[in-house]
Amino acid sequence: MGTEIEEIKSRLNIIDVLGEYIRLEKAGINFKAVCPFHNEKTPSFMVSEERQMWHCFGCQKGGDVFSFVMEMEGVEFKEALRILAEKAGIEIKTYNYQKNKERNRTLEILEEATIFWEKRLWENTEGKIALNYLKNRGLRNETIKKFRLGYAPNGWKNILDFLIENGYKMKEIAQAGILVKKEKKENSKDDSGYYDRFRNRIIFPISDFSGKVVGFSARVTPGQDESQAKYVNTPETDFYHKSRILYGMDKAKNQIKKRGWVLLVEGNMDVIACHQAGIENTVAVSGTALTQEQVDLIKRYTNNLKMFFDMDKAGESATQKSSKLCFRREINVKIVTLPSGKDASDLARESPTKLKKAIAQSSEAVEYFFQKAFLKFDKNEVIGKKKIAQYFLEVVSYLENDVEKNHWLRKMSEALNISEMALTDMLKKVSLETEVGEKKNDIQNNKLDKIFSKQETLLNDLIGIMLIYPLAWKKGLEKAKQEDFSFLKMDSLFLVMAEKGESCGFSFDNFTKFLKEKREIKERAEKIFFQKKFQLDLNNNLIEIDNVDSLAELENILKELKKENLKHRLTQLTYDLKLAEKRGEEEVSLILRKESGKISGELAKIIG
Ligand SMILES: [Zn+2]
């Protein structure tokens, strides 16, 4: 597998691969981005094209293309390998062939079904009503084709029979989510078990962000049996996870990156109409409100979001919920409103110019909720005042920035003629409720998954300076032998460095070549190297650290390490001593006291 990994790496450029997932900006010879793995506003995520590596100075994650895809897609190494091999056009022989085949079969089925239904839409006899409906909604032929809309004819076994005839098994087709299992009647011998999920419906294929069809949303054909649910969707499958998909993202992502903002609308039809009207950076939530995963998906491409939901009660509540999630991730939100209460697709059809104007005139979300509070409740009544404050402070409690929070508190205080102090107290209460409500939201986990202890930080510092400077590497090994750094000998990377330093000529590049097969160790070495060699300056530019007196720094780190080591042992001894005294073990206590006296002395010498 090793050669395949190298082959994939040599064919793919890290900039292209990462660029599909996140918006990269050039920063000198490197690239930077807002980190997709932790919550931040200013980019501390760096990509080095030269080294084909990435690193985040905020959350300390880093690695190569493989580790990026693993992290981003939440998959194991083998799956990342498969994804990247496909991008690189390489066939992997050692890969789990069976599983891969299954996966491909499902995707094939979804694709075949898409084509089947597309054809039915354009066939005069069956799909005419559906096609006319789409055209009456103002969609042009090329738009209908671009979004691959289709028509599922009436009947129980259309797609089922078609796919069976084409060699797919019932079970495989069911796995794709396009069939429904029959309720088995008692005494029935009929074992065919499944029928078509979508019947007499307009089909909207749903793609993942890379453009593969992973599911469908199907609208009842207008004028047909409208007593049924208006939309029927694919259930959750191995490929289709509703909460992780934004309709239209595959077609919008490049425009989002280019224009620097995204338009978020409610439904599939809104997306299609907006794209046709030239607003090609539009995506839709596939539920009532945005999910955290969708917010994170958006954040890969932009920090600016304009929200255009219906202005009915459901739309209003979705606007509020979605905005709060965005605030938490420090996304700038603007709200698009229309006095007439029309939805995005109506307006896109009637007048793209008006739609664009409405988007341009969108208001800052917090300002929008501020105004809204006064429209909802009467500020001349005491109870109204309280309700206004409560409604608005709930929104404010989701803001991450204190300056911003204070600004709005002041504004609210003036408008309601209530002291800022009273509002601050109220906000505290509301914030607490918000926090409790969010419970163990993943934000906390995301913030800094790894907080290194001081000893670990120093250890990484030591390894870093050794990896960068051959002299320090050599010297570091000698020193480590002389001193009692037992924890160093437990570190796998340090051990390999000790073992192979000489034969690699104490060169980092030779060393990483040697580590090729030891993936985890190699990754850690690269990460530490990168972190030590580069730093962010005040303007968040990546600068390379040079001209370091490496030996002096080495001495420094070793001294600190020794100090930490002694401190650590002293704490342990003090604890043991207390225990021994408590138990009345005088002899043990004596020894421990002596030992701790000795260590205190050593420590004093170093600090002295
Ligand atoms: Zn990060």
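A. Looking closely at the sheet that holds strand 9 (residues 201–207). If you walk across this open sheet you meet the four strands as 6-9-10-11, and the pairing is antiparallel. Edge positions in the sheet fall to strand 6 (150–152) and strand 11 (231–233), since each has one partner strand and no second. For this sheet, the mean angle separating the axes of adjacent strands, direction not counted, is 35 degrees. Here strand 10 (residues 213–220) runs beside strand 11; their pairing, made up of three bridges, is antiparallel. Its bridge partner lying in strand 11, alanine 218 is registered against valine 232.

B. Molecular detail of the environment of asparagine 281. Within the secondary structure, asparagine 281 is located in the loop between helix 11 (268–276) and strand 14 (282–285). With 24 C-beta atoms packed within 10 Å, asparagine 281 lands in the buried category. Along the chain, asparagine 281 and lysine 354 lie 73 residues apart, while their C-alpha atoms are 17 Å from each other. Sequence-distant contacts of asparagine 281, defined by excluding residues within four places in its chain, comprise Ala252, Gln255, Ile256, Arg259, Trp261, Val262 and Leu263.

C. Inspection of the domain arrangement of the protein chain at higher detail. By the assigned domains, the protein chain splits into domain 1 (2–88), domain 2 (98–183 + 191–239), domain 3 (244–360), domain 4 (369–447) and domain 5 (454–601). The C-alpha centroid of domain 5 is placed 28 Å from the C-alpha centroid of domain 1. Listed per partner, the contact involves 15 residues of domain 1 and 12 residues of domain 5. If you list the elements that add at least two residues to the side of domain 1 that touches domain 5, you get strand 2 (30–33), strand 4 (53–56) and strand 5 (62–63). Tallied by class, the residues present in the side of domain 1 that touches domain 5 amount to five nonpolar, nine polar and one charged.

D. Representation of the sheet that holds strand 17 (residues 363–364) within the structure. With respect to topology, six strands assemble into an open sheet ordered 12-14-13-15-16-17, the strand pairing being mixed. Of all the strands in the sheet, just strand 12 (246–247) and strand 17 have a single pairing partner and so form its edges. Bridge analysis of strand 15 (residues 304–308) against strand 16 (residues 332–335) gives four bridges, and the strand direction is parallel. Paired with methionine 307 across the two strands is isoleucine 335, which belongs to strand 16. Its contacts with the sheet place helix 11 against strand 12, strand 13 (262–265) and strand 14, and it is angled at close to 175 degrees to strand 14.

E. How the structure looks around the pairing of strand 16. Handedness of the β-α-β unit built from strand 15, helix 13 (residues 313–328) and strand 16 comes out right-handed. Strand direction decides the pairing type here: strand 16 and strand 17, joined by two bridges, are antiparallel. Residue pairing across strands places lysine 334 opposite glutamate 364, the latter belonging to strand 17.

F. Just unusual backbone geometry, in detail. Of note in this structure, glutamine 60 is not a glycine but carries a positive phi near 70 degrees. Its location among the elements puts glutamine 60 in the loop between strand 4 and strand 5. On the basis of neighbour count, glutamine 60 is assigned to the partly exposed category, with 17 C-beta atoms found within 10 Å. In the Ramachandran plot, glutamate 330 falls in the positive-phi region, its phi being about 55 degrees despite a non-glycine side chain.

Conventions adopted
Within any chain, residue numbers begin from 1 and follow the written order of that chain's sequence. For a predicted model such as this one, the threshold for reporting local features is a pLDDT of at least 70, and the threshold for listing and counting side-chain atom pairs is 80 or more; totals across whole chains, interfaces and linings nevertheless cover every residue. Note on pairing: two strands pair once DSSP finds at least 2 bridges between them. Numbered from the N terminus, helices here are DSSP runs of H or I no shorter than four residues, and strands are runs of E no shorter than two. In this analysis, axes come from line fits to C-alpha atoms, helices being fitted only over the stretch in contact, and the angle between any two N-to-C directions falls in the range 0 to 180 degrees. Our exposure labels follow a C-beta count within 10 Å of each residue's own C-beta, placed from the backbone: buried means 20 or more other C-beta atoms, exposed means 12 or fewer, and partly exposed covers the counts in between. A pair of residues counts as a contact when their C-beta atoms, built from backbone coordinates, are separated by no more than 7 Å. The split into domains, and so the bounds of each, comes from an automatic or database assignment of domains. Classification convention: Asp, Glu, Lys, Arg as charged; Ala, Val, Leu, Ile, Met, Phe, Trp, Tyr, Cys, Pro as nonpolar; all other residues, Gly among them, as polar. With its strands directed away from the observer, a crossover is right-handed exactly when the path from the first strand over the helix to the second travels clockwise.

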